[in-house]
Amino acid sequence: MTTSDTATRAVHIPTWSRGTVLKVWAAAALPMGVLAWVVAPALAHAFSGPMALPQALIVCLAAGLIWQFVLVLIVVRREQGTLRWPVVKAALWLNAPISPRTGKRSNRLWWMVVPLTALLALEEMLPSLPTPVSRDLGLLLGSDSGQAWMSGNWIWFALLVIVFIFNTALGEELLFRGLLLPRMGTFGRADWLVNGVLFACYHLHEPWVIPQTFLVDTFAEALPSRRWRSSLIGIAVHSSQSVFFFVIALALVLR
C-alpha cells in the first residue's frame, strides 16, 4: 500500500450540524453580497466611463471567489490537520465518479457530464427576472459598450479568466459540492436538495438568477455530485459555463 493510499483511507469526513453548514454558507454568501452591493459601487469611483461599475464588480467578485477557495483550505486544514494532496483530494471528493451499485470508481460515468452540461445550458432558456446589464456578464459582453471595452483588452481578459477559474473550479463548486455536500448528512437523503437550495440562495450578489439556479443547477450539479460521490462532476458541468464565456471573451479581445 502506498503512502497516498494510506493517507486517503485515513481521511474521516465528519457530519456537520445544520448550524455549522449555515455558518460556512454565510461565510461564502455574505461577503459576495457585501462586495457586490456595497464595496463595488464605492470602488466604481476609482474608474471612469460606462464600464466603471462592471470593472469594480469584476475586481470585487474575484476577491470574493478567491476568498471561498481560501475558506475551503482553512476548513480542511483545521478538520484534517494537513493540506497534503491525498488528504485534500479525499476530503473534498476530488475523485472520479463512484458507482452506487459497485462502490468502485468508474471512468465510464464521466460520460454523464455531456447530458448534464446540456441540462445546464437549458438554464438560459428559462424565464428570468429583470437583470441589470452592468451586473450580468453575458449581457455585458453582448452590449456595444462591453464589446468595445473588451477589444484588445488583455489585462481585463486575464482578470476575467481568474474569475472563471475560481467561479466554477476553485470557488463555488469546490465549496458547495466538495466541502459542504459531503458533510451534510444531517439532512439525510435530502442533502443534495438542501445543497441546491443553499447554492441558489448563495447568489446574493446576483439575486435574479436564484430561481433558475435552484431549478437547474440542483439537478445538474448537486444531485450527480452526491449520487456519484464526486465533486469533480459538478466542477466539470459548471465549468462548461466558464469555457463558454472564456471563448466569447477571447473572441472579443481578438477583434
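Residues numbered from 1 in each chain as written. Predicted model: local features only at pLDDT ≥ 70, side-chain atom pairs only at ≥ 80, totals over all residues. Heavy atoms only, no water.

Right, let's get into the confidence of the model for the protein chain. For the protein chain, per-residue confidence averages 89 on the pLDDT scale, and residues scoring 70 or more make up 96% of the total. Segment residues 1-8: pLDDT under 50, and nine contacts once partners within four positions in sequence are set aside and those in other chains are kept. (pLDDT = per-residue confidence, 0-100. Contact = heavy atoms within 4.5 Å.)

This brings us to the nonpolar core. Counting 56 residues, the largest nonpolar core has Leu92, Met150, Phe176, Leu179, Leu180 and Tyr202 as the members making the most contacts within it. It is helix α3 (residues 52-80) that provides the largest number of residues to this core, a total of twelve residues. Beyond its immediate chain neighbours, meaning those up to four positions away, Phe176 contacts Trp25, Leu181, Asn195, Leu198, Phe199 and Tyr202. (Core = buried A, V, L, I, M, F, W, Y, C linked by side-chain atoms within 4.5 Å. Buried < 20%, exposed > 50% of the residue type's maximum accessible area, 1.4 Å probe, protein only. Helix = DSSP H or I, 4+ residues; strand = E, 2+ residues; numbered from the N terminus.)

Per the stated rule, a full pass over the model turns up four salt bridges. Among the salt bridges present, the one from Glu79 reaches Arg183, with a minimum N-O distance of 2.7 Å. With Glu79 in helix α3 and Arg183 in the loop between α9 (172-180) and α10 (191-202), this residue pair connects regions lying 104 residues apart in the sequence. Classification of Glu79 by relative accessible area gives partly exposed; the value is 24%. Classification of Arg183 by relative accessible area gives buried; the value is 0%. Residues joined in a network through salt bridges with shared partners are Glu173, Arg177 and Glu221. (Salt bridge = Lys/Arg side-chain N within 4 Å of Asp/Glu carboxyl O.)

Another point: the packing of α9 against α10. Across the interface, α9 lies against α10 with an axial gap of 11 Å and an inter-helix angle of 155°. Taken together, the axes of α9 and α10 lie roughly antiparallel to each other. Relative to α10, the crossing made by α9 is right-handed. Of the residues in α10, those in contact with Glu172, Glu173, Phe176, Arg177 and Leu180 of α9 are Asn195, Leu198, Phe199 and Tyr202. Considering only residue class, the contact of α9 with α10 consists of five nonpolar, one polar and three charged. (Axes fitted to C-alpha atoms, helices over the stretch in contact; angles between N-to-C directions. Parallel < 35°, antiparallel > 145°, perpendicular 65-115°, else oblique. Left-handed = near helix turned anticlockwise from the far one by under 90°. Nonpolar A, V, L, I, M, F, W, Y, C, P; charged D, E, K, R; others polar.)

Turning next to the packing of aromatic side chains. Evaluated as defined, the whole model comprises twelve aromatic pairs. The interplanar angle of 55° and the centroid separation of 5.6 Å between the aromatic rings of Trp149 and Trp156 together place this pair among those described as tilted. Take Trp149 and Trp156: they sit in the same class, and that class is buried. Following the ring pairs from residue to residue traces out a cluster consisting of Phe47, Trp149 and Trp156. (Phe/Tyr/Trp six-rings, centres within 6.5 Å; stacked < 30°, edge-to-face > 60°.)

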